[in-house]
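# Results of the structural survey
Take a look at the letters that make up each chain.
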Amino acid sequence: MRVDRFLSNLPRFNRQQARLLLVACRVRIDGQTVTDPHAQVREFSRVEVDDEVLQAGRPARYFMLHKPTGCVSATRDPQHPTVLDLLDEPDKDDLHIAGRLDFNTTGLMLITNDGSWSRRLTQPQTKLPKVYYVETERTITAEYADTFARGLYFAFEDLTTQPAGLTLLGPTSARLSIVEGRYHQVKRMFGHFDNKVLRLHRERMGPLVLDPALEPGQYRALDPGEISLI
């Protein structure tokens, strides 16, 4: 939000007063004096007028986790351990999951307190690919790739999936790239051929790749370069 709009949205300032505060160099964002009314106030910005804090701000946090099996993609669950239980971090209630995985699906999970960042990562409009390694009960044929590329009709949602890319790796293994996250989508796609998915592992979300140094259950903070990719 523009800083002049941020200030004028407060009950104590109108638009003209907000402009005068900026001209008088009385407004600071994250410790820097601002005079430009177009300067941006973000969710994590600290905003001050003189020595009064109008928005305290808080640090944005971003984590990459290697999700193990038997773990719920939720912030709380009465019966099972959750992915947040694996994090040894303060104020975990502020965090949320960007792109869930099924109970027995493993691989890359991204956890943050930055709602705008996670929406850019997961919303269908961005068409960021989610790449999975898949192992199945029966043989995967070339017909699968053709069908997935055309899209599959899901009667329950009354929709056709976006085109997906499939690369065969072996008789019963493949790498699948999708841009959506429908309910049990990968399992349902292979279920179209009556082929049960035995193992499902997410390797990548958009440009972010699971760190091979992370064992199941381990996590690390994203570096600034990785954060800026989204």
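One structure accompanies this document, and this report is about it. The shown structure was predicted, so the numbers you read here are calculated from the model rather than taken from an experiment. (Residues numbered from 1 in each chain as written. Predicted model: local features only at pLDDT ≥ 70, side-chain atom pairs only at ≥ 80, totals over all residues. Heavy atoms only, no water.)

Restricting attention to buried positions, one finds in helix α2 (residues 15-23) the residues A18, L21 and L22. Along α2, the residues classed as buried sweep out an arc of 100° about the axis, all on the same side. Exposed and oriented more than 90 degrees from the buried face of α2 are Q16, L20 and V23. Tucked into the core, α2 has its buried residues touching α1 (3-8), β1 (27-29), β2 (32-34) and β3 (47-49). (Buried < 20%, exposed > 50% of the residue type's maximum accessible area, 1.4 Å probe, protein only. Helix = DSSP H or I, 4+ residues; strand = E, 2+ residues; numbered from the N terminus. Arc of directions from axis to C-beta. Contact = heavy atoms within 4.5 Å.)

Take the layout of surface pockets next. Considered as a void within the structure, the largest pocket measures approximately 480 Å³ in volume. Surrounding the largest pocket, 22 residues form its lining, R100, Y132, G181, R182 and Y183 being those nearest its centre. Among the elements of the structure, β8 (130-136), α5 (185-191) and β13 (197-205) are those that each provide at least two residues to the lining of the largest pocket. Here the lining of the largest pocket is composed, by residue class, of nine nonpolar, six polar and seven charged. (1 Å grid on protein atoms, 1.4 Å probe; cavity = no way out; pocket = protein on both sides within 12 Å on 5 of 7 lines; lining within 4 Å. Points joined across faces, edges and corners; volume = space filled by probe spheres on them. Nonpolar A, V, L, I, M, F, W, Y, C, P; charged D, E, K, R; others polar.)

Below, the discussion takes up the pattern of salt bridges. By the definition in use, this model includes 15 salt bridges. The residue R2 makes a salt bridge to D4 at a minimum N-O spacing of 2.6 Å. A relative accessible area of 25% places R2 in the partly exposed class. Across the pair R76 and D93 runs a salt bridge, and its minimum N-O distance is 3.4 Å. Residue R76 is located in the loop between β5 (62-67) and β6 (96-98), and its partner D93 is located in the loop between β5 and β6; the two are separated by 17 residues in the primary sequence. A cluster of three or more residues bridged by salt bridges with shared partners is formed by R2, D4 and R19. (Salt bridge = Lys/Arg side-chain N within 4 Å of Asp/Glu carboxyl O.)

Okay, the side chain of D4 next. With respect to the secondary-structure elements, D4 resides in helix α1. Assessed through its relative accessible area of 0%, D4 is described here as buried. With sequence-adjacent residues up to four places away left out, D4 is seen in contact with R15, A18, R19, L22 and P37.

Taken as a whole and assessed by the stated rule, the structure comprises seven aromatic pairs. Here Y144 and F190 contribute two aromatic rings whose centre-to-centre distance is 5.8 Å and whose plane-to-plane angle is 50°, an arrangement assigned as tilted. Of the two residues, Y144 is situated in helix α4 (residues 142-150) and F190 in helix α5; the sequence distance between them amounts to 46 residues. The class for F190 is buried, based on a relative accessible area of 0%. Arranged with centres 3.9 Å apart and planes meeting at 15°, the rings of Y144 and F193 form a pair that is stacked. With Y144 in helix α4 and F193 in the loop between α5 and β13, the pair connects residues that are 49 residues apart, well separated along the chain. The residues Y144 and F193 share a single accessibility class, namely buried. Put simply, the rings of Y144, F148, F190 and F193 touch in pairs and so form one group of aromatic residues. (Phe/Tyr/Trp six-rings, centres within 6.5 Å; stacked < 30°, edge-to-face > 60°.)

The subject of this paragraph is the nonpolar core. I111, F148, L176 and F190 are the most contacted members of the largest nonpolar core, which has 30 residues in total. Contact partners of I111, with chain neighbours within four places excluded, come to R61, Y62, F63, L65, V83, L84, L87, L95, H96 and I97. (Core = buried A, V, L, I, M, F, W, Y, C linked by side-chain atoms within 4.5 Å.)

In spatial order, the strands read β2-β1-β3-β4; together these four strands make up an open sheet with antiparallel pairing. Of all the strands in the sheet, the pair left with one neighbour each is β2 and β4 (52-55). With strand direction ignored, the average angle separating the axes of adjacent strands in the sheet is 35°. Pairing analysis gives three bridges linking β1 to β3, with the strands arranged antiparallel. Bridge assignment links R28 to a residue of β3, and that residue is E48. (Pairing = 2+ DSSP bridges. Axes fitted to C-alpha atoms, helices over the stretch in contact; angles between N-to-C directions.)

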